[in-house]
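# Structural description and commentary
Here is how the chains run, residue by residue.
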Amino acid sequence: MFKDKRKLPTLPSWFLRKVINGDIKYSAIGDFEEGYRQIFEQRGRITAYFWLWKELVRSTPPFFNDTTIWNLAMFNNYLKIALRNLIRQKGFSVINISGLALGISAFLFISIWVNHQMSFDSFHENADNTYRIVQRIKLTQDVSYSTRVPGPLADILKDDYPEVIKAARHAWTGERTLKYEDRIYSENWIIGVDKEFFDIFSFNFLKGNKESALDPKFSIIMTESTAEKYFGDADPINRTILLDNYSFTVTAVVEDLPSNSNLFFDMIVPFDFIGTLGWDLVTWDYSFYTTFVLLDAKVEPSSLEAKIAGVVNKNNPKDNVELFLQPLKDIYLYSNFNNPGTQGIILYVYIFSIVGFIVLMIACINYMNLSTARSEYRAKEIGLRKVVGARKKQLVIQFLFESMLLTFAALLLVPVIIKLALPKFNELVAASFNYSELEITDIVNLKFISFALMITFLTGVISGSYPAFFLSSFNPARIFKKRGKSGESRIISRRSLVILQVSISLVLLIVSTVIFKQLNYLKNKDLGYSSENIVMISLGISNMNNGEIYHNLKEKLEQSPSVEMVTGSFTSPVNLGSPARDVIYKGNRLDLNTPINITSVDFDFIDLMGLEIIEGRNFSRDLESERGNWIVNESFVRLLEIEGSALNETFDIRTSTGSVIGIVKDFHFESLTNTSIEPLIIFLHSTGVNYIFAKIHPQNIPDTIDFIENCWKETAPDKPFNYNFLDEQFNALYSNIETIGRLIRYFTFLAVFIACLGLIGLSSFSAEKRTKEIGVRKVLGSSIFGLVILLCKNFLKIVIAANIIAWPVSYFLMNKWLSGFPYRTGMDWSIFIVSGLAVLGITIVSVTFQALKAALADPVRSLRYE
Amino acid sequence: MKLLSRSEEIVLLCVWKLQEDAYGVTIRKLVSEATGHEWSIGAIYAPLHRLEKKGYVRTKQGEPVAERGGRSKVFYKLSEKGKKSLLEIKKVHETVWVGIPSLEINGNR
């Protein structure tokens, strides 16, 4: 109808519609349009446009004036009343503000942690389209998973499937010794990768060329801090460094990895080097290599999954294996395939988010309870406001405003709390979950501040909403007649909130106790061997002269009276054994049923570890050769399914044949959080030693360590001395659970503390309300003890009700958690009863104080004032 | 009697002066001319809206016109109350101005 050009531009017209309200809207917008068109025609579009904006800006204050000024006046009044109340009721304000500040800080701390855990690997540009290939190995009795796949798979995926844009293998070279001039370190984090690795992952190259860094056969890429460790301030590029016996040239330096990177390395070498080390890159027999693929963004991963599932089987029909894709971002959180959904990191992320929420809720409930409990003080004000014409909506706004004021007052304390608590929080968390310590400057950024503001706002709304609707629904007529009949239901709902609070605290208490107990159980469980006073020295995997060093060192060490025994093994006892393949007994392939582990040890290993041989014999030095003699564990014997003794049974592993000379009692050679004890085969190999164990006398341990270190320096002067105590190594397996347990304990304490604040507030309120009753009772001869009981009775009821709720809930939760552990402690009744009593005790302490104060008061005073 | 604010008074007078042609644009033009400075649209509507709420003026919707983007003009008319208060204001002014010694500056009232 009209020329579109001359219509009001969109943005200003949107503004107009927002700014102008009420009856004049239609008419005023019309005026704007008319003016705009007129100027448009006379002086052109641009002038008109400027005129419009100018007019809009000039008009805004008068438009607002009309309405806002009255609202502001009202807010002024609300603010005045709220501040008066805050000041008049100091105890109430202190309890609320400190509770809310603690709750908000706890929540923020937890969100820092959760955010860190959830952000793993998401910094890679292609994170959403990157997947790891995982094998599902179907055994007859079991399903096991392997995140490593055979060497040729990557190329086949890339060549045969157009959906796969890039594919790269990744392998860990094992512990190596690096030498540059006089700097010698043993390095655990060297990986070999295919060139396309850098197309898939976004690592930041500080020096050197991303495209060609891995082209030379012996090139090495270092992280910034590793380069600094070896070369100091000098430019590392093109320097030569000795890795074992190979000399490598530094071609690039990458930025240090962020702490939320699940891929970890200090150095990168070309993947072919893995082949140089003698690993099998070309056959399908060994699954050694982690393989990452980058998919076309348009491809549905499940459709590709269906196509590639059988690729390994096709090339290696011996195994029953299925491939699937795991998204990169899930690797950190969801990698416990054997126990999906129960024991992965994600479980702890959930637990923690809930705990954080709970702590905050307890603080909110405090506010709700205390403000509704004190509603009688406000009743007259509310009544009067209503009579004078306040609508319910306005009262709701008033009370929400009050709770907002309080939460934002609490927010002012939050930075102080965070600053004070951060070192402790770092200390608690830093040891595990790949969490690196945070400085206050890491935390405070715009995102975090806006998140904190949002949380505070929500806290204000949540804690204020119940009191707001409750208080604003008072009937003014009833208030002035002083007939608070509606009070009964109020008390019930307040009581149920308190019960909720106490039962949540109780659940947390029980949960943390059970976690603690389980942890103790895992640490103290008889592992079937003794790990105490054993020093473990790591030699670095597959160094040529490991055997030589071992024997020289052993000779030296055994001369000392403080060293009882020295032995060695191929793998670490914390994770003993590597998967054995092609274990054939009477024509059956046993490793198709269930995973079998194999490891080699030196003489005395079984004695030093205190393993018990229940049948047959240990390896013996008296014999010419122990070749083809195997010691197996009970679990392996069960796999053979034979009647009678398994001694002297013969079976094949790949090409070698041997027989059982001894059976060792089952012992735990893996983390107890894993499955039950797997079958194990041990053979003797005196020179294939990667770890040396020295059992030492418990006296004067530091001197003994010094002695060992000196011997080490004499034996292997160009190798670093890395030692651990075996029992510490074992406990480190549970560091995640330990951290969780500790954190939950702290947050439980916090939750209980905040709940106590609330109880103190409520009890002081109820004592205050019954001042006169207490006075009368006292005059009539009631004892102080009787009065205290009277005042505490209600709270005792609450604790009992909370116990009834909390026991089954926590039993259910912890039963579920424990069921994820193959070895678990029981939940006996004592945990529940002790926790219940603890909460009862805390409640009584916090309530009695107020009750006692009320009971001791002079009745004359309470009765006189009327 | 309630005294109107100065801006309300001016707007009210202009509405009366414009008679049948009193709507936002013309009122603004007249007020701006009379006072010698450009009033913003908002500055006109704030007093106009208050006058309407207090019952001094009434609105009447005209026909939709093209220059307002298909909207109709909203005409303002004085109510009886409006007329009465204008008369009163006039009376007050006249009463107060009687006997005022002449001002040096040329007052235009």
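Everything quoted here is computed from the prediction, not taken from an experiment.

Turning our eyes to something else, we now look at the overall build of chain A. Helix and strand content of chain A: 28 helices and 27 strands. Taking 29 Å as the expected radius of gyration for a compact globule of 866 residues, we find that chain A reaches 36 Å, considerably beyond that expectation. Reported as C-alpha extents along the three principal axes, the dimensions of chain A are approximately 105 × 95 × 55 Å. A sequence separation of at least 24 residues applies to 79% of the contacts in chain A between residues at least 6 apart. Counting only carbon and sulfur atoms, one obtains 57% of the accessible surface of chain A, whose full area is about 40700 Å². Between the averaged position of the 87 positive side-chain charges in chain A and that of its 87 negative side-chain charges there is a distance of 20 Å.

This brings us to the overall build of chain B. Within chain B, the regular secondary structure consists of 4 helices and 2 strands. In chain B, the order of α-helices and β-strands from amino to carboxyl end is α-α-α-β-β-α. Structurally, chain B occupies a C-alpha span of about 55 × 30 × 20 Å along its principal axes. Burial status across chain B gives 39% buried among its 109 residues. Residue pairs at least 24 apart in sequence account for 49% of intrachain contacts in chain B once pairs closer than 6 positions are excluded. Of the roughly 6800 Å² of accessible surface on chain B, a fraction of 55% belongs to carbon and sulfur atoms.

Quick look at unusual backbone geometry now. A positive phi is found at A:Asn648, a non-glycine position, where the angle reads about 65 degrees. In the Ramachandran plot, B:Gln19 falls in the positive-phi region, its phi being about 55 degrees despite a non-glycine side chain. By secondary structure assignment, the location of B:Gln19 is in the loop between α1 (6–18) and α2 (24–35).

Residues and elements named next belong to chain A. Throughout the structure, instances matching the rule amount to 5 cavities of 30 Å³ or more. There is about 170 Å³ of room inside the largest cavity. Phe 92, Tyr 367, Ser 371, Arg 378 and Glu 402 are the residues nearest the centre of the largest cavity, which is lined by 16 residues in total. For the lining of the largest cavity, the secondary structure elements donating two or more residues are α3 (45–88), α12 (345–373), α14 (392–430) and α16 (446–472).

Before going further, it helps to examine the side chain of A:Glu187. If you trace the backbone, A:Glu187 turns up in strand β6 (residues 183–187). Here the side chain of A:Glu187 touches A:Tyr230 through a polar contact of 2.7 Å, side chain to side chain.

Bringing the interface of chain A and chain B into the picture now. The interface of chain A with chain B comprises 20 residues on the first partner and 26 residues on the second. Roughly 2100 Å² of surface becomes buried between chain A and chain B when both sides are summed, with 55% attributable to carbon and sulfur atoms. For the salt bridge of B:Arg68 with A:Glu34, the shortest nitrogen-to-oxygen distance reads 2.8 Å. Top element by residues in the side of chain A that touches chain B is helix α2 (residues 24–43) of chain A. It accounts for 11 residues. For the side of chain A that touches chain B, the class distribution of residues is 9 nonpolar, 3 polar and 8 charged.

Below, the discussion takes up the domain arrangement of chain A. In terms of domains, chain A is made up of domain 1 (4–88), domain 2 (140–319) and domain 3 (534–732). Computed over C-alpha atoms, the centres of domain 1 of chain A and domain 2 of chain A are 62 Å apart.

Residue and element names in this part refer to chain B. Topologically, Leu 4 is positioned in the segment before α1. Leu 4 sits 99 residues away from Leu 103 along the chain, and the two C-alpha atoms are 25 Å apart. When residues no more than four places from it in sequence are discounted, the contact partners of Leu 4 are Glu 9, Leu 12, Leu 51, Tyr 56, Ser 85 and Ile 89.

A few words now on the packing of aromatic side chains. By convention here, two paired aromatic rings are described through the distance between centres and the angle between planes. In the structure shown here, the tally under the stated rule is 46 aromatic pairs over all chains. On the basis of an interplanar angle of 75 degrees and a centroid distance of 6.2 Å, the ring pair of A:Phe218 and A:Phe273 is categorised as edge-to-face. Of this pair, A:Phe218 sits in the loop between β8 (205–207) and β9 (219–223) while A:Phe273 sits in helix α8 (residues 272–276); the two residues are 55 residues apart in sequence, bridging distant segments of the chain. Overall, the relative accessible area of 2% leaves A:Phe273 in the buried class. A centroid spacing of 6.4 Å and a plane angle of 35 degrees characterise the contact between A:Trp279 and A:Tyr289, whose relative ring orientation is tilted. Linking A:Trp279 in the loop between α8 and β13 (287–295) with A:Tyr289 in strand β13, this pair joins segments that are 10 residues apart in sequence. The side chain of A:Lys229 reaches across the aromatic face of A:Tyr185, ending 4.7 Å from its centre. For B:Lys81, the ring lying beneath its charged end belongs to B:Tyr56, and the centroid distance is 5.0 Å.

Now for the pattern of salt bridges. Two side chains bearing opposite charge may form a pair once their charged atoms approach each other closely. For the structure shown, the criterion picks out 41 salt bridges over all chains. Between A:Asp31 and B:Arg68 there is a salt bridge, with its nearest N and O atoms 2.8 Å apart. Placement of the pair is A:Asp31 in helix α2 and B:Arg68 in the loop between β1 (57–64) and β2 (72–78), with the two residues belonging to separate chains. Put simply, B:Lys90 and B:Glu94 hold a salt bridge, and the shortest N to O gap is 3.6 Å. Of this pair, B:Lys90 and B:Glu94 both sit in helix α4 (residues 80–97), 4 residues apart, which is roughly one turn of that helix. We classify B:Lys90 as partly exposed; its relative accessible area is 49%.

On to the state of the cysteines, then. Residues and elements named next belong to chain A. Taken as a whole and judged by the stated rule, the model has 0 disulfides over all chains. No disulfide involves Cys 364; its sulfur sits 18 Å from the nearest other cysteine sulfur, which is in Cys 756. A relative accessible area of 1% places Cys 364 in the buried class.

How two helices pack is summed up by the angle between their axes together with the distance between the axes. Residue and element names in this part refer to chain A. Where helix α25 (residues 771–779) meets helix α26 (residues 784–819), the axes come as close as 11 Å, and the angle between the chain directions of the two elements is 150 degrees. It follows from the interaxial angle that α25 and α26 lie roughly antiparallel. You can see that α25 and α26 cross each other, and the crossing is right-handed. Contact residues: α25 offers Glu 773, Ile 774, Arg 777 and Lys 778, while α26 offers Leu 787, Leu 790 and Leu 791.

What follows covers α1(B). Residue and element names in this part refer to chain B. An ideal rise of 1.5 Å per residue puts 18 Å on 13 residues; α1 measures up with 18 Å between its terminal C-alpha atoms. Next to the buried residues of α1 lie α2, α3 (41–54), β1, β2 and α4. At the C-terminal side of α1, Gln 19 shows a positive phi close to 55 degrees.

Okay, the packing of helix α4 (residues 90–118) of chain A against α16(A) next. Residue and element names in this part refer to chain A. Between α4 and α16, the least distance of the axes is 11 Å, while the angle of their chain directions is 135 degrees. Between α4 and α16, the angle falls in the class oblique. For α4 against α16, the interelement crossing comes out right-handed. Across from Leu 100, Ile 104, Phe 107, Leu 108, Ser 111 and Ile 112 in α4, the residues of α16 making contact are Phe 448, Phe 451, Ala 452, Ile 455, Thr 456 and Thr 459.

Now for the nonpolar core. Core analysis: the biggest nonpolar cluster contains 125 residues, and A:Phe352, A:Met609, A:Phe693 and A:Trp817 have the highest contact counts within it. Core analysis: the second largest hydrophobic core is formed by 39 residues, A:Trp51, B:Ile10, B:Leu12 and B:Val74 among them.

Our focus in this paragraph is the environment of A:Ile784. Looking at the element boundaries, A:Ile784 is found in helix α26. Residues A:Ile784 and A:Ala855, spaced 71 residues apart in sequence, show a C-alpha to C-alpha distance of 5.7 Å.

Residue and element names in this part refer to chain B. Here chain B shows a mean pLDDT of 83. Residues at 70 or above account for 92%. The secondary structure element of chain B with the lowest average pLDDT is α3, at 84, and the one with the highest is α2, at 89. Reported confidence for the predicted complex is 0.82 by ipTM and 0.73 by pTM.

Our next topic: the environment of A:Arg148. Residues and elements named next belong to chain A. Tracing the backbone through its elements, the reader meets Arg 148 in the loop between β2 (143–146) and β3 (149–150). Taking relative accessible area as the criterion, Arg 148 reaches 39% and is therefore assigned partly exposed. In this structure, the C-alpha to C-alpha distance between Arg 148 and Ile 220, residues 72 residues apart in sequence, is 23 Å. The contact partners of Arg 148, leaving out residues within four places of it in the chain, are Gln 135, Ser 287, Phe 288, Tyr 289 and Thr 290.

All names here are of chain A. Here β2 shows a buried face lined by Ser 144 and Ser 146 and an unburied face lined by Val 143 and Tyr 145. In this structure, strand β1 (residues 130–138) lies alongside β2, joined through 4 bridges in antiparallel fashion. Bridge pairing in β2 links Ile 137 to Ser 144. Adjacent in sequence and paired antiparallel, β1 and β2 are bridged by 4 residues.

What counts, and where the lines are drawn
Residues numbered from 1 in each chain as written. Chains lettered and ligands numbered in written order. Predicted model: local features only at pLDDT ≥ 70, side-chain atom pairs only at ≥ 80, totals over all residues. Heavy atoms only, no water. Helix = DSSP H or I, 4+ residues; strand = E, 2+ residues; numbered from the N terminus. Rg over C-alpha atoms; globule rule 2.2 N^0.38 Å. Contact = heavy atoms within 4.5 Å. Areas by Shrake-Rupley, 256 points an atom, 1.4 Å probe, with all protein chains shown as cover. Lys, Arg positive; Asp, Glu negative; His and termini not counted. Charge placed at Lys NZ, Arg CZ, Asp CG, Glu CD. Buried < 20%, exposed > 50% of the residue type's maximum accessible area, 1.4 Å probe, protein only. 1 Å grid on protein atoms, 1.4 Å probe; cavity = no way out; pocket = protein on both sides within 12 Å on 5 of 7 lines; lining within 4 Å. Points joined across faces, edges and corners; volume = space filled by probe spheres on them. Polar contact = N/O pair within 3.5 Å; in protein donor to acceptor, adjacent residues only side chain to side chain. Buried area = accessible area lost by both parts, 1.4 Å probe. Salt bridge = Lys/Arg side-chain N within 4 Å of Asp/Glu carboxyl O. Nonpolar A, V, L, I, M, F, W, Y, C, P; charged D, E, K, R; others polar. Domains from an automatic or database assignment. Phe/Tyr/Trp six-rings, centres within 6.5 Å; stacked < 30°, edge-to-face > 60°. Lys NZ or Arg CZ within 6 Å of the ring centre and 35° of its normal. Disulfide = S-S within 2.5 Å. Axes fitted to C-alpha atoms, helices over the stretch in contact; angles between N-to-C directions. Parallel < 35°, antiparallel > 145°, perpendicular 65-115°, else oblique. Left-handed = near helix turned anticlockwise from the far one by under 90°. Expected span 1.5 Å × (residues − 1). Core = buried A, V, L, I, M, F, W, Y, C linked by side-chain atoms within 4.5 Å. pLDDT = per-residue confidence, 0-100. Pairing = 2+ DSSP bridges.

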